[in-house]
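A look at the structure
This is what each chain is made of:
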Amino acid sequence: MTYVYSFDHSHDRPAKELAALLGGKGANLAEMSSALGLPVPPGFTISTEACTAYLKEGWPAGLDDEIAHHVAQLEARMGRQLGDPASPLLVSVRSGARFSMPGMMDTVLNLGLNDESVEGLTSQTDRRFALDSYRRFIKMYGRIVLGIPGEEFDRRLEDARELAGVATDGEVPADILEGLIKQFKDVVEAHTKAPFPQEPQAQLRAAVEAVFSSWRSPRAVAYRTRERIPHDLGTAVNVQSMVFGNRDDNSGTGVGFTRNPATGEAGAYGDFLVNAQGEDVVAGIRATEPLSALSERFPAIYDQLLDIFDRLERHYRDMLDTEFTIERGRLWMLQTRVGKRTGAAALRIAVAMTNDPRIGLSREEALLRVSGEHLDQVLHPTFEHTAQVVGRGLPASPGAAVGKVYFTADKALDAHNRGEDVILVRVETSPEDVHGMEVSKGVLTSRGGLVSHAAVVARGWGIPAVVGAEQLEIGDRSFKAGDVVVSEGETISIDGSAGAVMLGALEMVDTAPPAEFDTILGWADEVRAGNLGVRANADTAADAARARSYGAEGIGLCRTEHMFLGPERLPVVRRAILASTPQEEEQALAELGKLQRADFEEILEAMDGLPVTVRLLDPPLHEFLPSLEDVLAAEAAGTVPEEDRKLYEAAREWREQNPMLGTRGVRLGVIRPGLYRMQVRALAQAAAARVAAGGHPKVEVMIPLVVAAAELAHMRQMVEAEVATTQPGRPLDLSIGTMIETPRAALRAEDIGQFADFFSFGTNDLTQLTFGFSRDDVEGRIMGTYLDEGLLPRNPFETVDAAGVGELVRLGTERGRRANPRLKVGVCGEHGGDPESIRVFCEAGLDYVSCSPFRVPVARLAAAQAVLMVGGMAEAASTR
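The rules we used
Residues numbered from 1 in each chain as written. Predicted model: local features only at pLDDT ≥ 70, side-chain atom pairs only at ≥ 80, totals over all residues. Heavy atoms only, no water. Phe/Tyr/Trp six-rings, centres within 6.5 Å; stacked < 30°, edge-to-face > 60°. Buried < 20%, exposed > 50% of the residue type's maximum accessible area, 1.4 Å probe, protein only. Lys NZ or Arg CZ within 6 Å of the ring centre and 35° of its normal. Pairing = 2+ DSSP bridges. Helix = DSSP H or I, 4+ residues; strand = E, 2+ residues; numbered from the N terminus. Axes fitted to C-alpha atoms, helices over the stretch in contact; angles between N-to-C directions. Contact = heavy atoms within 4.5 Å. Expected span 1.5 Å × (residues − 1). Bend = angle between axes of the 7 residues up to and from the residue. Arc of directions from axis to C-beta. Core = buried A, V, L, I, M, F, W, Y, C linked by side-chain atoms within 4.5 Å.

Describing the packing of aromatic side chains
The relation between two aromatic rings is expressed through the spacing of the ring centres and the mutual angle of the planes. Taken as a whole and judged by the stated rule, the model has 12 aromatic pairs. Geometrically, the ring pair formed by Y54 and W59 is edge-to-face, given 6.3 Å between the ring centres and 85 degrees between the ring planes. Here Y54 matches W59 in class, with each residue buried. A centroid spacing of 5.1 Å and a plane angle of 15 degrees characterise the contact between F771 and F773, whose relative ring orientation is stacked. For F771, a relative accessible area of 26% translates into the label partly exposed. Taken together through their ring pairs, the aromatic side chains of Y134, F137, Y141 and F196 make up a single cluster. The positively charged end of K16 is found above the aromatic ring belonging to Y316, 5.5 Å away from the centroid.

Observations concerning the pairing of strand β24 (residues 500-503)
Sheet analysis places strand β14 (residues 389-392) next to β24, joined by 3 bridges and oriented antiparallel. Counted as the bridge partner of R392 is A500 from β24. Pairing between strand β23 (residues 491-495) and β24: 4 bridges, direction antiparallel. Along β24, the bridge assignment pairs I492 with L503.

Let's talk about the sheet that holds strand β32 (residues 824-827)
Around the barrel, 8 strands lie side by side as β26-β27-β28-β29-β30-β31-β32-β33; this closed barrel has parallel pairing. Strand-to-strand twist in this sheet, taken as the mean axis angle between neighbours without regard to direction, amounts to 25 degrees. The pairing of strand β26 (residues 533-537) with strand β27 (residues 555-559) spans 2 bridges and is parallel. Its bridge partner lying in β27, N537 is registered against L557. Where helix α22 (residues 582-606) meets the sheet, its contacts fall on β27, β28 (611-615) and β29 (698-703), and the angle it forms with β28 comes to roughly 150 degrees. Lying over the sheet, helix α27 (residues 709-726) contacts β29 and β30 (734-740), oriented at roughly 150 degrees with respect to β30.

Things to note about helix α1 (residues 19-34)
Taking 1.5 Å as the rise per residue, α1 with 16 residues should run 22 Å; its terminal C-alpha atoms sit only 15 Å apart, a clear shortfall. At K25, α1 shows its maximal kink, close to 80 degrees. The element α1 is extensively covered by neighbouring structure, given that 13 of its 16 residues are classed as buried.

A few points about the pairing of strand β8 (residues 252-259)
If a strand is regular, its side chains alternate between the two faces of the sheet. Of all 8 residues that make up β8, 8 are buried, and the element is covered over most of its length. For β8 and strand β9 (residues 266-274), the ladder comprises 7 bridges, and the chain directions are antiparallel. Looking at β9, one finds that G256 is bridged to G270. The antiparallel pairing of β8 with β9 creates a hairpin that spans 6 residues between the two strands, and G264 there sits at a positive phi of about 85 degrees. In the sheet, β8 pairs with strand β11 (residues 320-327) via 6 bridges, with the strands oriented antiparallel. Bridge assignment links G256 to a residue of β11, and that residue is T322.

Quick notes on helix α6 (residues 150-164)
Taking 1.5 Å per residue, 15 residues should reach 21 Å; α6 reaches 21 Å between its end C-alpha atoms and fits that length. Inspection of α6 places G150, E152, F153, L157 and A160 among the buried residues, and these make up the whole buried set. The arc enclosing the buried residues of α6, seen along the axis, measures out at 160 degrees, which places them on a common side. In α6, those exposed residues whose orientation departs by more than 90 degrees from the buried face are E151 and E162.

Brief notes about the environment of R311
Here R311 is to be found in helix α12 (residues 299-316). Excluding residues that lie within four positions of it along the chain, R311 makes contacts with L36 and L38.

With respect to the nonpolar core
Residues L367, I520, F564 and I703 are the most contacted members of the largest nonpolar core, which totals 114 residues. Take this core: its biggest share by element is 10 residues, from helix α35 (residues 856-870). Setting aside residues up to four positions removed in sequence, I703 forms contacts with L616, V666, L712, M715, V719, G737, T738 and M739. By size, the runner-up hydrophobic cluster in this structure holds 83 residues, among which are I67, W215, I229 and V422.

Here it is, written out as structure tokens:
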């Protein structure tokens with residue numbers, strides 16, 4: 001097996017399509033080198049296959065020989081040798097996963113320096129530059145490869161700046177750098193009990209192993225979990241000859257986007273620094289300049305860079321993120337990748353590129369460029385009013401956020417777990433902060449530019465962020481803005497669209513999404529029309545109206561038990577449960593029926609002309625009674641009121657060992673038929689009232705928890721008889737079906753389908769029963785461990801288990817339609833709003849998905865994307 005490929009290797013497919021083998025960075029370096037002929041420093045890629053082999057079984061046999069062969073080729077090409085005391089070749093060692101994971105894994109720069117080769121670098125450049133490069137290398141190698149805390153080096157570097165009386169690292173003179181290097185080497189020896197390694201080949205192997213191992217670092221695992229990136233892909237490693245942006249004032253480094261990643265506006269956008277290396281830009285060690293300032297300092301290079309941006313966009317047909325270095329007046333491209341962007345930018349870019357003749361994106365391709373998170377982001381609220389601004393920074397990621405300030409990722413996570421809204425405040429974020437960023441409502445930093453770690457990650461995750469607020473003095477437990485001090489736990493508001501920081505909790509209001517929002521969703525609706533509908537789960541008229549405004553095509557689940565709660569209704573429900581005679585029960589149910597009829601009428605009006613699926617009562621009756629724990633506590637204390645004795649006795653009577661597997665759903669309807677008759681009667685009356693008012697109600701009655709055909713046949717007869725009694729001679733647009741939520745119902749769907757007009761898969765219960773998991777117990781106790789250990793690829797309650805639950809959905813659909821070819825099939829569990837799950841349901845041949853009202857726009861997009869993917873159009877679109 002071949003593990004190593006030079007950037008200019010001749011592959012049998014375009015290199016940009018080989019991210020699974022070469023990683024995203026390696027594939028794009030190869031593409032820029034070969035297909036585009038851009039100025040890329042030579043190098044080679046160690047494949048993801050080498051990483052996965054290493055993580056499973058250790059260092060692969062033959063890999064040392066392959067690396068040595070490619071190092072020799074690189075040395076011959078560059079005319080220098082790794083570690084040569086006279087003319088050393090220096091290389092960078094960078095990670096490069098298949099999917100972009102900005103800053104999550106490790107990089108080592110200036111590899112090849114040692115006590116001898118630093119003298120050769122001095123002869124090629126100058127003493128200060130060579131020593132500064134060596135101290136950077138020792139620190140980076142020590143931290144990443146040897147596992148030494150970075151603070152050990154940072155503290156000594158701060159002392160060196162103070163001794164020299166300078167403000168920046170680049171001003172520390174050579175004589176002080178010599179002493180600093182000795183201190184750094186002493187730190188290494190103290191921690192490792194061995195001198196700093198001097199052999200370049202040993203340095204290279206150790207650096208490659210460190211990058212491989214960083215795939216499993218906690219920050220990388222947390223990021224992949226958040227981004228739903230599989231944990232078994234591994235990372236490639238790119239070994240590349242060094243170019244130096246910190247040679248002199250005719251050098252520099254920068255990060256550039258071909259369009260604005262925050263707004264989608266056309267035109268080059270980014271940051272650069274004169275006389276600096278790449279990590280200086282990302283870390284925010286010095287204040288960056290906007291990319292446009294290159295036009296004054298390096299006009300020819302600026303024009304060259306804009307031409308490269310144009311070529312990249314036309315070639316990749318997308319917005320690109322690039323890294324570049326200028327070494328003594330010469331431009332080098334170090335990386336390109338499809339850029340992270342905000343929701344508003346994603347929508348704007350997708351639509352704009354369909355109208356751009358240079359790119360000519362199809363509507364199908366445009367739909368595949370937008371994610372559900374992008375749609376969510378543009379619905380972010382903004383502040384209703386402004387307040388006194390105590391700090392300003394760069395508007396790195398749009399949106400408004402309010403929360404209590406915490407100054408470490410761990411404290412932010414702890415506060416989130418206590419139920420608090422959090423703003424993470426840091427001098428600058430690093431990959432080690434991602435677990436705190438993930439749970440924060442917003443991020444605020446005093447250092448860093450628009451392409452800093454905080455900015456890139458926050459934009460990708462849709463978290464409002466203000467970065468580079470340099471006037472803030474951020475300490476360990478407070479920050480100071482002028483005369484104002486904000487302590488840990490106090491509340492602030494940040495505006496990621498304006499870059500403003502304000503005291504206190506400001507009121508937020510919803511905003512209208514950009515015009516491209518409706519354009520994209522309109523295209524999505526055209527694609528999915530006739531293939532996969534989108535409904536909403538709604539229990540009130542307000543929810544129904546909101547869902548319809550978001551584009552829902554009906555209600556897929558109306559949970560009637562939610563109509564039984566509240567101070568006016570719960571006592572009536574309890575009277576029906578406690579009734580000792582049929583007359584008492586009928587009286588209570590009649591009162592409850594009036595309330596249900598009014599609810600149904602409002603919902604049918606909000607969804608007029610669209611189907612409304614009403615699920616008859618599903619939960620066990622104990623949920624409407626006092627908890628047994630309260631009963632036992634009151635009895636033990638002797639404080640049971642006389643008027644509540646019957647209620648407490650009923651709580652004991654209806655208690656079950658496994659209530660979610662007990663007397664609920666259709667089983668309750670069989671033993672207490674009055675409940676279901678009342679609900680059907682109220683629904684029929686509400687529909688008749690809507691018809692009389694000129695409406696067009698479309699009613700679907702759902703019988704929950706059916707496991708046998710006889711149950712559904714029994715209930716269908718009851719429903720039809722009740723409707724006929726309630727509205728004799730008046731035909732009602734009525735369908736009767738069931739919720740498939742047990743494995744047996746899915747497997748015996750052919751029997752059940754004989755009596756059903758529709759199936760709706762309740763994937764919440766179906767998941768619990770298929771796995772044997774109690775959701776309320778396993779999510780908090782074992783799910784995190786199972787995901788971290790790779791025992792499950794996803795939380796099955798968030799993304800449907802395609803191999804198990806998804807297979808039951810497919811089988812149930814196929815078998816149900818054998819009995820009834822016109823059977824309408826949908827899904828109404830929480831998975832109905834999850835894009836990955838929607839694709840599974842599309843593949844299974846479902847007619848619609850149903851989700852919460854706020855997820856309807858996401859489901860509309862995801863349904864269209866699923867139709868494209870299942871129909872093979874996505875693959876065709878991606879190769880155009």
